[in-house]
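Close look at the chain arrangement
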Amino acid sequence: FRKRLREAPNGLLAWAEIMNLALYEPNMGYYRSGVRTIGRRGDFYTSVSVGAVYGEALADFSAQVWRSIECPADFYLIEQGAHDGKLALDILIALQNQHPECFALLRYIIIEPDNTLREAQQLTLGNELSDKIQHVSSWRELGDCRGVMLSNELLDAFSVHRIQLTPEDGQLKWLEVYVRENDHGDLTFVAAPASSEALQRELDKLGTDFADNYLTEINLAMLEWLREVAQSKFQGPILIVDYGHSATEYYNEERDQGTLRRFYQHQCDNDLLKGLGEADLTADVNFTRLAEEALSLGMEVCEFIEQGRFLTRTLGARMSQSDFKITPAWMRQFQTLTHPGHLGLSFQVMVLNKGCNCPINSEEQKAAALRRLGLAPSLM
């Protein structure tokens, strides 16, 4: 980090570049230094680490999509951000047990450029299920495919630009937050003009109706990712599960320090420059901005709902079956995933649809999603 800073113009690196180094620099970044332990022994919990029930729900959702498009023989599940392959394992086992016809026709594609993680995914899946898996390094490698794309806690791990509304020359102006090394050798933050035209365009859209020195983030990488998806040959629903808010909630006046935070050994703090490369860094998703970009790219916004409500509805059909046995362990997982005091409100679920006639959501659900996002239904 210090070497890059000393080589940078004026000794400044945008926070987004520092965050990208801290998370993704080969052999140094948090996600590029081997397979991270998630759960009780790691730095944080996820829905996947709760148990297999989460994967069962996504398997049910995927099978519902497969049936809704008349059970094609070429059906794909695409996952990006698969980490060690645990979610893929849970989904495939659930499809094999609960939806064997869909499982038999399925190909599971993991978009993963990191060889260490590819090996971990294959090890997790074992010989039998790894035969279902195909790895690609990027969206550009995908051929024509119909199915479901899964993005589970992917977007909140993208590097973000940090911005601050700063009084300057008698008016308020958005500046970008950079990192520099001070005279004592400590890393510190400093505000300066935006590092790119793309960021400046996003700043111009925000306006300045915020308190002085309001801090927040812009996730350009998320928008670039969605454009890659749009340009790919994939067709079908895109299921995005992540920390996040609508724009109204994201830019709440009480959220004046933004959503950036650091996770280390289950402790969460705002000490962003501490232990770079050794701790997870994350920022919430602005789902309204994501939906706006999706609409501009010709996609459809089908749903925006809390995880608890989504999982309860998705698993409802199975739970209502007379032969379904709800064990205490299953119910504990379900309650952890859906209860508002646990993970039920922590995560939001957005469903986009790209180029596929897939009637999985009603017009009422679509209109409700746009209203919650603060977007007029007329944009559909």
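Details of the structure are given in the entry above.
Described in the following lines is the structure provided in the data block. Remember, predicted model here, so these are calculated numbers, not experimental data.

Some words on the overall build of the protein chain
- For the protein chain, the count of helices and strands is 14 helices and 17 strands.
- The principal-axis extent of the C-alpha atoms belonging to the protein chain is close to 70 × 45 × 40 Å.
- For the protein chain, long-range pairs separated by at least 24 residues make up 75% of all intrachain contacts whose partners lie at least 6 apart in sequence.
- For the protein chain, the computed accessible surface area is about 17400 Å², with 46% contributed by carbon and sulfur atoms.
- Side-chain charges in the protein chain split into 36 positive and 53 negative, and the spacing between the mean points of these groups amounts to 3 Å.

Thoughts on helix α9 (residues 220–231)
- Taking 1.5 Å of rise per residue, the twelve residues of α9 would be expected to cover 16 Å, and the 17 Å separating its terminal C-alpha atoms lies within 8% of that figure.
- The backbone nitrogen of alanine 221 lies 3.4 Å from a side-chain oxygen of the residue at the head of α9, namely asparagine 219.

Concerning the sheet that holds strand β4 (residues 133–136)
- Spatially, the seven strands line up as an open sheet ordered β4-β3-β2-β5-β10-β17-β16, and their pairing is mixed. A strand with exactly one partner marks an edge of an open sheet, and here the two such strands are β4 and β16 (300–306). Direction aside, the axes of adjacent strands within the sheet are offset by 20 degrees on average.
- Pairing of strand β2 (residues 75–80) with strand β5 (residues 145–152), which is carried by six bridges, proceeds in the parallel orientation. Bridge pairing links glutamine 80 to serine 151 in β5.
- Contacts between helix α14 (residues 363–373) and the sheet are confined to β16 and β17 (348–354), with β16 contributing the most and set at about 70 degrees to the helix.

Considering the packing of aromatic side chains
- Tallied over the full model, the rule gives 13 aromatic pairs.
- Their ring planes at 80 degrees and their centres at 5.0 Å tell us that tyrosine 30 and tyrosine 31 sit as a pair that is edge-to-face. Both residues of the pair, tyrosine 30 and tyrosine 31, count as buried.
- A ring pair is formed by tryptophan 174 and phenylalanine 210, whose centres lie 5.3 Å apart and whose planes are at 70 degrees; its orientation type is edge-to-face. Taken together, the residues span a long stretch of sequence, with tryptophan 174 in strand β7 (residues 171–181) and phenylalanine 210 in the loop between α8 (197–206) and β9 (215–218) at a distance of 36 residues.
- Among the aromatic residues, ring-to-ring pairing joins Trp174, Phe210, Tyr214, Tyr250 and Tyr251 into one connected group.
- The ring of phenylalanine 103 is capped by lysine 132, whose NZ or CZ atom sits 4.6 Å from the centre of that ring.

Conventions and cut-offs
- Residues numbered from 1 in each chain as written.
- Predicted model: local features only at pLDDT ≥ 70, side-chain atom pairs only at ≥ 80, totals over all residues.
- Heavy atoms only, no water.
- Helix = DSSP H or I, 4+ residues; strand = E, 2+ residues; numbered from the N terminus.
- Contact = heavy atoms within 4.5 Å.
- Areas by Shrake-Rupley, 256 points an atom, 1.4 Å probe, with all protein chains shown as cover.
- Lys, Arg positive; Asp, Glu negative; His and termini not counted.
- Charge placed at Lys NZ, Arg CZ, Asp CG, Glu CD.
- Expected span 1.5 Å × (residues − 1).
- Polar contact = N/O pair within 3.5 Å; in protein donor to acceptor, adjacent residues only side chain to side chain.
- Pairing = 2+ DSSP bridges.
- Axes fitted to C-alpha atoms, helices over the stretch in contact; angles between N-to-C directions.
- Phe/Tyr/Trp six-rings, centres within 6.5 Å; stacked < 30°, edge-to-face > 60°.
- Buried < 20%, exposed > 50% of the residue type's maximum accessible area, 1.4 Å probe, protein only.
- Lys NZ or Arg CZ within 6 Å of the ring centre and 35° of its normal.

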